[in-house]
Amino acid sequence: MVLLKSSTNHARPRAGRPTREQATRRHGQLLDQALDMFLDRGYAQTTIDAIAAAVNMTKRTIYARYDDKAALFRAAVQYAIKRWMIAPQTLSTLECDTLEGTLLAVARMRIAHAGTPEGIRLGRVIAAESFRFPDIFRIAYEQGTMPVVTFLADVLRRHQENGTIRVKRPQMAAYAFLSLVVGGPARAIASGRNYDPEELEERILFSVELFLNGVRARTV
């Protein structure tokens, strides 16, 4: 008796296409790894080949999404900015009954945010490569700093209308506040300085009080 071979196909089924969630997560891993390599090696010394190998992708896959290394770099920075920026809804929760309380809350959050791994990494890569890509500094400023300026300017404008402070140009005053209170510590942290928590809090309190002394309404 002749046994007929089964016509059933026992080949392993092909893996299905990744879900949208999986593809998004994989893309995020690519951008994260790319930014780390750009920071560690510098833009010039980082290659698409090295990035592709690090994330187990083909160059073809990367080039299907990005035309060149510069486009990938900008996308990686933008991805980091998006994750680092403080949402306006979060800022609105910082407003207190007093102007001093609001300013202290903003200063503490902004400085703490600058000290997160994401904030430090972003600050360093912008400092290292903004001469080559000046647009990344502008984007970080517009998306990361401007929402804070807008929030502070609105708070100062309302206190001006209530007569508790005298500020003719609230937006400029908001810029001055961030420069005076936040700028120095944030830059120091990005450069690798580890502040003693008590020292940092003392500096924040002093700087906020100094700012308030400059804007408080004076009685004749």
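Residues numbered from 1 in each chain as written. Predicted model: local features only at pLDDT ≥ 70, side-chain atom pairs only at ≥ 80, totals over all residues. Heavy atoms only, no water.

Draft legend 1. Layout of the pattern of salt bridges. All told, the structure shown has 15 salt bridges when counted by the stated rule. The closest approach of N and O atoms between Glu-95 and Arg-158, which form a salt bridge, is 2.7 Å. Taken together, the residues span a long stretch of sequence, with Glu-95 in the loop between helix 5 (88-92) and helix 6 (99-114) and Arg-158 in helix 8 (residues 134-162) at a distance of 63 residues. Two residues, Arg-121 and Glu-118, come together in a salt bridge whose shortest N-O distance is 3.1 Å. Separated by three residues within a single helix, Arg-121 and Glu-118 lie in helix 7 (residues 117-129), roughly one turn from each other. Taken individually, Arg-121 and Glu-118 each receive the classification buried, so the pair is uniform in this respect. Each of the salt bridges in this network shares a partner with another, and the network as a whole consists of Asp-32, Asp-36, Arg-83, Glu-118 and Arg-121. (Salt bridge = Lys/Arg side-chain N within 4 Å of Asp/Glu carboxyl O. Helix = DSSP H or I, 4+ residues; strand = E, 2+ residues; numbered from the N terminus. Buried < 20%, exposed > 50% of the residue type's maximum accessible area, 1.4 Å probe, protein only.)

Draft legend 2. Seen up close, the packing of aromatic side chains. This model, assessed by the stated rule, comprises seven aromatic pairs. One aromatic cluster is present, built from ring pairs that chain together Phe-38, Tyr-43, Phe-73 and Phe-133. (Phe/Tyr/Trp six-rings, centres within 6.5 Å; stacked < 30°, edge-to-face > 60°.)

Draft legend 3. Here's a closer look at the environment of Leu-99. Summarising the element assignment, Leu-99 is placed in helix 6. Note on Leu-99: relative accessible area 8%, which makes it buried. In this structure, the C-alpha to C-alpha distance between Leu-99 and Glu-21, residues 78 residues apart in sequence, is 43 Å. In this structure Leu-99 touches Val-155, Leu-156, His-159, Ile-165 and Leu-212, once residues within four positions along its chain are discounted. (Contact = heavy atoms within 4.5 Å.)

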